[in-house]
Amino acid sequence: MAESMEIDDSLYSRQRYVLGDSAMHRMAQSSVFLSGMGALGVEIAKNIVLAGVKMVTLHDDRLCDVWDLGTNFFIREEDVQRQKRRAEAVHPRVAELNPYVQVNLSTVTLDDSTDLSFLLQYQCVVLTEARLSLQKRIDHFCHSQHPPIKFVACDMPGMCARVFCDFGESFEVWDPTGEEPKELFIQNITQENPGVVTCLDNRMHGLQTGQCVCFREVNGMVELNGTTHQITALSPYSFSIGDTSSFQPYLHGGIVRTVRVPRTFHFETMEQQLHDPQLLIPDFSKPEAPLQIHTTIIALDVFQEQHGHLPSTGCVQDAEDLLKLTEEVGETLKTKVCVNEALVRGVARCARGCLTPLAAAVGGIASQEVLKALTGKFTPLQQWFYLDALELVQPLQSLPLEEFASRGDRYDALRVCIGESLLSELHKLRVFMVGCGAIGCEMLKNFALLGVGLAGCSGEICITDPDLIEKSNLNRQFLFRPHHIQHPKSITAAAATLEINPELRLDAHLDKVCPATEDVYSDAFYSRLSVVVTALDNVEARRYVDSRCVSNQKALLDSGTMGTKGHTEIIVPNLTESYNSHRDPPEEEIPFCTLKSFPAVIEHTIQWARDKFESAFSHKPAMYNTFWHSHLSAEAVLQRMKAGESMEGAFQVVKLLARRPVRWEHCLTLARLKFDKYFKRKALQLLHSFPLDTRLKDGTLFWQSPKRPPTPIEFDIKDPLHFDFVVSTARLFAGIYNVPYSEKSLSFEAVSSVLADVRIPEYKPAEKRIETDETAKKPEKMKLTVTSEEEREAISQLEETITTGFVTPERLSMFPLVFEKDDDSNGHMDFVEAAAMLRARMYAIAPADRLQAKRIAGKIIPAIATATAAVAGLVALELIKVVGAYGFESFKNCFFNLAIPVVVLTETAQVKRTRIRDDISFSIWERWSIMGHEDFTLSDFLSAVREKYGIEPTMVVHGVKMLYVPVMPGHSKRLKLTMQKLIKPSANRKYVDLTVSFAPEADGDEDLPGPPVRYHFCREGDRA
């Protein structure tokens, strides 16, 4: 992707929203030298090639080994058999990830005597699997260049990993956080020192002390307009900005917008940092851990220098030697550290091994640092990051030595870390993964390297995803290639995973997991599973899968990303809370009246345009088709209308039929009339209803911030935005009405010629009520009140279409459009962009570019491969603990934001117990059960619960249906009805989960909640 080339939006669209075009262009001019094609090196290679750098040189002089099959997803059995060099084996597979990136190969020896001048052609050098002396030498060389070559070093001896960054003496970052600028409306600004700004309607500003903001559209205190101030946060709703005492008094209005402030970072060399390291702390439950690992890994390098090898697995003497060296290294550090003996012994035992999920997690983090080095976007790591898997490895220390012994297969590196018994459990695992997108692809890679679900061990991985592969997926979903576009994700991902490890058993489905597919993903299906993994992109689907896991007592591993942010959540039966135990605050909806009449920011106009697309080109055509499917003929409809019958949608349908365009010229005319309606008449009507001097009851102006008065727009075909709107709208009309047109008819001359003859009716203001209440909801259905005159007009229009022969079967159907943001040829985004920007112009709102319009209209979630790789690695580490039945304290949830960078590991939320009585309590994982039979009545059910659980049921609910509430009229009569009759289960339904409330201990108290009560319609074996 050379400088002169445009960014390929069809490939990079999701990443553009993370990095922005400036960073993308800088990457496309940058070259990276990456040494070491082990587990960490190949992860980094994958991520930075997917990101779209200009050139990467892959360096490694080692030969492929059986060992590599379990650590490197781009090395195959034939590479080992042919004794290929690792760099040669991975080169073609890395290269095919991105056609815009030049991938070179180097197998030269890199050691303490190598002439390093060849590195001058690179902007960043990344070392993995290099000795500390070589890291220090190359870092010193890079640091001393002008400008400095950015340097990143990564190591992963078994159970822990580290990343080191040195971007030179002075490194400027132009966007430290990557957060979108935030706009806030102002309620008040005090005239004092310091002046205090309060946000409109007590909206939370979300700002932090030290951030900078600029002001505009302030009335009264006009001195602030166009100025930038550093803020001090005072409360969630107010902040101070410095001295405003000499300014004019504030009157009303005003918008404050956050401003990006560049920052300069200073780095020391590795040599300087070794004895006084700057460390990022990921786990605040063990803040001392990073320095302890730092000390241990330096000691490990000294051990290697002295012995010529890494500690042997299980060798007591080697562990003692490493412990002694760690204590000696600790004495040389500026900050004294308490040596963690368990950590040192764990490192000694695992030093020769490799935990591939740890490589995935740290590889994702390190890759993001490489991109920061090349682009100056986001805050760089200063300067060390350590991550360990001590909670995973420590409980295995007491196992016999033969557990970790080599067997000459692809799992040897993993076996060194976790032992044969746990490895065998992974092989036997039966996993259900929902979703095969970016996280799904990364998880499948981790499963393949871990040997999860092997056919020979009765294991299996079942995956499902209803989606087909699109080009934009290729930027993150690394198992897919261009020739896979429009193929099913799940089937393609399964085939690609078997190339990494042919021993797996994979079953690929194309289903959505939802209530409609419970016959496929039934309780019997879940009963065969070991664990469920979600790789989903929406909350609703997660909630549903979580409810099925709780119901079936299955562990669930969830993760998600948004841009550089990621989270993981580990849900284990009877140990942790579930996904549904917490609720994120609902997304704030834009008030209906704001969208319809009073937009204040560009998001409002873009959403309005998206709604117009939905209404005109999707909803109305669908309604039109539904109407004619349920009515036999136009003649029959006419007779019923004449008879005064009410038919839902009839008047809208007749209007659509009567005005139906049959030629391209008609489509253009319709589009021109829409322009007049949306951008001229709407403004004139608003100003007629609310003249500019309108005041509210309290005397304040109606038109004040955030309300902006509209300005009517006169159509001018020479204005590119006007032309674009008319042409894109006409194209969409042609689409829904199946009207042909040629490319030539889209030309300026052809369109001008048609529009010159269009008559625009004179505008007459209407006396109608315009909604101003922000709490008012959009009506579910537009209930049209039809006057007798309109009724007569509709009848006459329908009569005319019938008598003139206009009505044909073809004209009684339309072609609804489904909004597709990623296909620029379909004109969907052309319409949304033109309509949104014209409305913004009408309300004097600053416009947005097409990229921003596409993100908002298409509800695009920004995404980048680095974050995806990191969350999948963290989840796979927890999977091993789930399989090993580890205790609650061992599990870790994670939240990270690679942009800042921050990584926070926390304990999972411990399951809570709800007390019903002193001796009766329950958790979300528990359910009570009652076995019924065909004649089992509601009264029998209540008695059975009372007898079995010793507590009086007071209310029984099935879903949203109240089966028994004693105070409800007629409910006491239900006691004699059978459960079968009350619930009306489908023929194959064996049970239902009921919500039952119980009598309180004291009168007057509220009823007590209980666990779900599973009612079985018949005893085991009674019914097939």
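Below or above, wherever it landed, is the structure these notes cover. Keep in mind that what you see is a predicted model, and the values were worked out from it rather than measured.

1. Overview of the nonpolar core
Judged by nonpolar contacts, the single largest core of 176 residues is most densely connected at Ile 138, Leu 355, Ile 418, Leu 426 and Phe 447. No other element matches the 13 residues that helix α27 (residues 865–883) contributes to this core. Discounting chain neighbours no more than four positions away, the residues touching Leu 426 are Leu 414, Ile 418, Leu 450, Gly 451, Val 452, Gly 453, Ile 880 and Val 883. Grouped together as the second largest cluster of nonpolar side chains are 81 residues, Tyr 624, Leu 656, Leu 817 and Ala 835 included.

2. Topic: the sheet that holds strand β16 (residues 279–280)
In spatial order, the strands read β3-β2-β1-β4-β5-β6-β17-β16; together these 8 strands make up an open sheet with mixed pairing. What marks the edges here is a single partner per strand, and that holds for β3 (102–106) and β16. As paired strands, strand β2 (residues 55–59) and β3 are joined by 5 bridges and run parallel to one another. If you follow Met 55 over to β3, its bridge partner there is Gln 102. On the sheet, helix α7 (residues 289–307) packs against β6 (160–166), β16 and β17 (384–388) and is oriented at approximately 95° with respect to β17.

3. Brief notes about the pattern of salt bridges
It is possible for side chains of opposite charge to pair when their charged atoms get near one another. Counted under the stated rule, the structure contains 63 salt bridges. When the shortest N-O distance is used, the salt bridge between Glu 180 and Arg 855 registers 3.9 Å. Taken together, the positions of Glu 180 in the loop between β7 (171–173) and β8 (183–189) and Arg 855 in helix α26 (residues 850–857) put the pair 675 residues apart, joining distant regions of the chain. In this structure, the salt-bridge partner of Asp 409 is Arg 415, at a minimum N-O distance of 2.9 Å. The exposure class assigned to Arg 415 is buried, which follows from its relative accessible area of 2%. Each of Asp 9, Arg 14, Arg 16, Asp 21, Asp 822 and Lys 854 takes part in a single network of salt bridges with overlapping partners.

4. What to know about the sheet that holds strand β13 (residues 238–240)
Within the open sheet, the 7 strands sit side by side as β11-β10-β14-β8-β9-β13-β12. Their pairing is antiparallel. The two strands at the open ends of the sheet, each matched to only one other strand, are β11 (228–230) and β12 (232–235). Across this sheet, the average inter-strand angle for adjacent strands is 40°, counted without regard to direction. Examined bridge by bridge, strand β10 (residues 212–216) and strand β14 (residues 255–259) share 5 bridges and lie antiparallel to one another. Its bridge partner lying in β14, Cys 214 is registered against Arg 257.

5. As for the packing of aromatic side chains
Taken as a whole, this structure holds 46 aromatic pairs when the rule is applied. Here the aromatic rings of Tyr 624 and Trp 628 are separated by 6.4 Å at their centres, their planes lie at 70°, and the arrangement is edge-to-face. Of the two residues, Tyr 624 and Trp 628 are both situated in helix α18 (residues 602–630); the distance of 4 residues between them amounts to about one turn of the helix. By relative accessible area, which is 0% here, Tyr 624 ends up buried. Among the residues examined, Trp 628 registers a relative accessible area of 8% and is labelled buried. Three or more aromatic residues joined by ring pairs form one cluster here, namely Trp 608, Phe 613, Phe 617, Phe 675, Tyr 678, Phe 679, Phe 715, Phe 725, Phe 733, Tyr 737, Phe 819 and Phe 831. Positioned over the ring face of Phe 702 is Lys 707, at 5.2 Å from the centre of the ring.

6. Observations regarding a positive patch on the surface
Together, Lys 596, Lys 655, Arg 659, Lys 677 and Lys 768 give the surface a local cluster of positive charge. Here Lys 677 lies in helix α21 (residues 664–689).

7. A few points about the packing of helix α8 (residues 316–332) against helix α9 (residues 341–350)
Between α8 and α9, the least distance of the axes is 9 Å, while the angle of their chain directions is 130°. Taken together, the axes of α8 and α9 are oblique relative to one another. Note on packing geometry: the crossing formed by α8 with α9 is right-handed. Touching Ala 319, Glu 320, Leu 322, Leu 323 and Thr 326 of α8 are Glu 341, Val 344, Arg 345, Val 347 and Ala 348, all from α9.

8. Describing the environment of Thr 954
Structurally, the position occupied by Thr 954 is in strand β29 (residues 953–958). The spacing of Thr 954 and Leu 1008 is 54 residues in sequence and 9.0 Å in space, taken between C-alpha atoms. Not counting chain neighbours up to four residues away, the residues in contact with Thr 954 comprise Tyr 964, Pro 966, Ser 997, Phe 998, Ala 999 and Asp 1007.

9. Examining the state of the cysteines
A disulfide bridge is the covalent bond that connects two cysteines by way of their sulfur atoms. As enumerated under the stated definition, the model contains 0 disulfides in all. Sulfur of Cys 199: no disulfide; nearest cysteine sulfur belongs to Cys 214 and is 14 Å away. Looking at Cys 199, the relative accessible area reads 2%, which means it is buried. In this structure Cys 441 is a free cysteine whose sulfur lies 7.0 Å from that of Cys 436, the closest cysteine sulfur available.

10. Details of unusual backbone geometry
Each neighbour pair has its own omega, and for His 146 with Pro 147 the value is -5°, a cis peptide bond. Looking along the chain, the bond that leaves Asn 193 and enters Pro 194 is cis, with omega of 0°. Note on placement: Pro 194 falls in the loop between β8 and β9 (196–199). With phi around 50°, Asn 202 is a residue other than glycine that occupies positive phi space.

11. Some thoughts on α21
Side chains that are three or four residues apart share a direction in an α-helix, a result of its 3.6 residues per turn. A rise of 1.5 Å per residue sets the reference length of α21, with its 26 residues, at 38 Å; its end C-alpha atoms lie 36 Å apart and thus fit the reference within 8%. Where α21 bends most, the angle comes to about 35°, and this point is Arg 681.

12. Re a nonpolar patch on the surface
Together, Met 962, Val 967 and Met 968 make up an exposed nonpolar region whose accessible area comes to about 290 Å². Considering the arrangement of structural elements, one finds Met 968 in the loop between β30 (961–964) and α29 (979–983).

13. Regarding the pairing of strand β20 (residues 506–509)
One ladder, built from 4 bridges, connects strand β19 (residues 460–464) with β20; its direction is parallel. Bridge assignment links Ile 463 to a residue of β20, and that residue is Ala 508. The handedness of the β19 to β20 crossover, carried by helix α14 (residues 489–500), is right-handed.

14. Some remarks on the pairing of β9
Inspection of the sheet shows β8 paired to β9 by 3 bridges, in the antiparallel sense. Each bridged residue has a counterpart across the sheet, and for Ile 189 the counterpart in β9 is Val 197. In this structure, the hairpin formed by β8 and β9 is closed by a connection of 6 residues.

15. Details of α27
In this model α27 runs 27 Å from its N-terminal to its C-terminal C-alpha over 19 residues, within 8% of the 27 Å that 1.5 Å per residue would give. Counting buried positions over the 19 residues of α27 gives 19, a clear majority of the element. Positive phi appears at Ala 885, one or two residues downstream of α27, with a value of about 55°.

16. Some remarks on the environment of Val 654
In this structure, Val 654 sits in helix α20 (residues 650–658). Val 654 gets classed as buried once you look at its relative accessible area, which sits at 2%. Distance from Val 654 to His 205, taken between C-alpha atoms, is 49 Å for residues 449 residues apart in sequence. Residue contacts for Val 654: discarding those within four places in its chain leaves Met 641, Ala 794, Gln 797 and Leu 798.

17. A word on the side chain of Arg 76
Residue placement: Arg 76 occurs in the loop between β2 and α3 (77–81). Buried Arg 76, no salt bridge; nearest opposite-charge side chain is Glu 499, N-O distance 4.4 Å. Aside from chain neighbours lying at most four places away, what touches Arg 76 is Leu 69, Arg 93, Glu 499 and Ile 500.

Scoring rules and cut-offs
Here the residue index of a chain counts from 1 through its sequence in written order. Owing to the predicted nature of the model, reporting of local features is limited to residues with pLDDT of at least 70; listing and counting of side-chain atom pairs is limited to 80 or more, with chain, interface and lining totals taken over all residues. In computing side-chain properties, one takes all heavy atoms of the structure into account and sets aside hydrogens as well as water. We call a set of buried residues a nonpolar core when its members are Ala, Val, Leu, Ile, Met, Phe, Trp, Tyr or Cys and they connect through side-chain atoms within 4.5 Å of each other. A 1.4 Å probe rolled over the protein chains alone gives each residue an accessible area, and that area as a share of the maximum for its type sets the label: buried under 20%, exposed over 50%, partly exposed in between. Note on conventions: DSSP H or I runs of at least 4 residues are helices, E runs of at least 2 residues are strands, and numbering of each starts at the N terminus. Whether two residues touch is decided by their heavy atoms; if any such pair falls within 4.5 Å, the residues are in contact. Pairing between strands is defined by DSSP: at least two bridges between the two strands are required. Helix axes are fitted only over the stretch in contact, all axes being lines through C-alpha atoms; the angle between N-to-C directions runs from 0 to 180 degrees. Whenever a carboxyl oxygen of Asp or Glu lies within 4 Å of a side-chain nitrogen of Lys or Arg, that contact is scored as a salt bridge. Pairing of aromatic rings covers Phe, Tyr and the six-membered ring of Trp, with a centre-to-centre limit of 6.5 Å; geometry is then stacked below 30 degrees between planes, edge-to-face above 60, and tilted otherwise. Any Lys NZ or Arg CZ that is within 6 Å of a ring centre and within 35 degrees of that ring's normal is treated as a charge sitting over the ring. Patch membership is restricted to residues that have no salt bridge and whose relative accessible area is over 30%. Joining uses 9 Å for like charges and 5 Å for the nonpolar side chains Val, Leu, Ile, Met, Phe, Trp and Tyr. Areas reported here follow the Shrake-Rupley algorithm with a probe of radius 1.4 Å; residue values treat only the protein chains shown as occluding. Residues scored as charged are limited to Lys and Arg (positive) and Asp and Glu (negative), so that His and the chain ends carry no count. Where a charge sits is defined by one atom per residue type, namely NZ (Lys), CZ (Arg), CG (Asp) or CD (Glu). Any angle between 65 and 115 degrees counts as roughly perpendicular, while under 35 counts as roughly parallel, over 145 as roughly antiparallel, and the rest as oblique. Crossings are classed by handedness, with left-handed meaning an anticlockwise turn of the near helix from the far one by less than a right angle and right-handed meaning a clockwise turn. By disulfide we mean two sulfur atoms from cysteines, separated by a distance within 2.5 Å. Residue count minus one, scaled by 1.5 Å, sets the expected span of a helix. Fitting axes to the seven residues ending at a residue and to the seven starting there, one defines the bend at that residue as the angle between these axes. With the strands aimed away from the viewer, a crossover counts as right-handed if its path from the first strand over the helix to the second runs clockwise.

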